[in-house]
Amino acid sequence: GMLFRFESGDHFRGYIDRHPTLRSHLNITDECLYADKVALILVSEDEENNECWRRFTVVKEAAHLLVEADELGNYTDVTRLANVLANTASLDQYESLSDEGRELLLRDYSGIEVAIQLFMPESTHKEWMTRQVHVEGKKPIDLAITLKLPQKFVEARMREFGLLAN
């Protein structure tokens, strides 16, 4: 998924003018074109991006708007962000990135962390997950299916709760 933020309607209209098929494909209304600020979240609906991933991705991208608010600035260079993320398998490679690459990667991970917190808050899910694992004998995939979330993020939360080894 990608988050596009436009600091003014003029920036957004300019972007749509340069990509005319987007307006009809995304059903963009006149109200959006003349808004003061616009955020657009794009999520792939291909076969590999199932409902669990789409749900998580929308919340992760929206989380950037919540967490970073005015700090994010105007990032419409999606190619730059995609290249940084595609070329970085994990935070293990953080040290080898440029300053700009580090900033983009940390912003992406901050969105992931907020989405995990929103979907699986400790106040309700720690006890529930503990019961599911220790009493019901459930595996991470079982919890992922129940929660309709990608398994890798359910596993990450389970590790935070001490239910899975690192």
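Provided above is the structure to which this section pertains.
The structure contained in this document is the topic of the report that follows.

Criteria and thresholds
- Residues numbered from 1 in each chain as written.
- Predicted model: local features only at pLDDT ≥ 70, side-chain atom pairs only at ≥ 80, totals over all residues.
- Heavy atoms only, no water.
- Helix = DSSP H or I, 4+ residues; strand = E, 2+ residues; numbered from the N terminus.
- Buried < 20%, exposed > 50% of the residue type's maximum accessible area, 1.4 Å probe, protein only.
- Contact = heavy atoms within 4.5 Å.
- Salt bridge = Lys/Arg side-chain N within 4 Å of Asp/Glu carboxyl O.
- Core = buried A, V, L, I, M, F, W, Y, C linked by side-chain atoms within 4.5 Å.

## Considerations on the overall build of the chain
Here's step 1: Helices and strands together make up the secondary structure of the chain, namely 9 helices and 2 strands.
Here's step 2: Moving toward the C terminus, one meets the helices and strands of the chain in the order β-α-α-α-β-α-α-α-α-α-α.
Here's step 3: A buried classification covers 36% of the 166 residues belonging to the chain.
Here's step 4: When contacts within the chain are restricted to residue pairs at least 6 apart in sequence, those whose partners lie at least 24 apart make up 61%.

## Remarks on the pattern of salt bridges
Opposite charge on two side chains allows them to pair when their charged atoms are near.
Here's step 1: All chains considered together, the criterion is met by 4 salt bridges.
Here's step 2: Between K126 and E122 there is a salt bridge, and its shortest N-O distance comes to 3.9 Å. Separated by 4 residues within a single helix, K126 and E122 lie in helix α7 (residues 122–134), roughly one turn from each other.
Here's step 3: Judged by its relative accessible area of 34%, K126 falls in the partly exposed class.
Here's step 4: For R157, the salt bridge is made with E160, and the minimal N-O distance between the two is 2.4 Å. Taken together, the residues R157 and E160, both in helix α9 (residues 151–160) and 3 residues apart, mark about one turn of the helix.

## Let's talk about the nonpolar core
Here's step 1: Counting residues in each nonpolar core, the largest one holds 18 residues, and the members touching the most others are F56, M120, M129 and V154.
Here's step 2: Counting residues per element, the ones that place at least two in this core are α6 (99–119), α7, α8 (140–147) and α9.
Here's step 3: Not counting the four nearest positions on each side in its chain, V154 is found in contact with M120, M129, P140, L143, A144, L147 and L149.
Here's step 4: Of all hydrophobic cores here, the second largest spans 9 residues; its members include F12, I28, L33 and V38.

Structural measurements only, silent on function.
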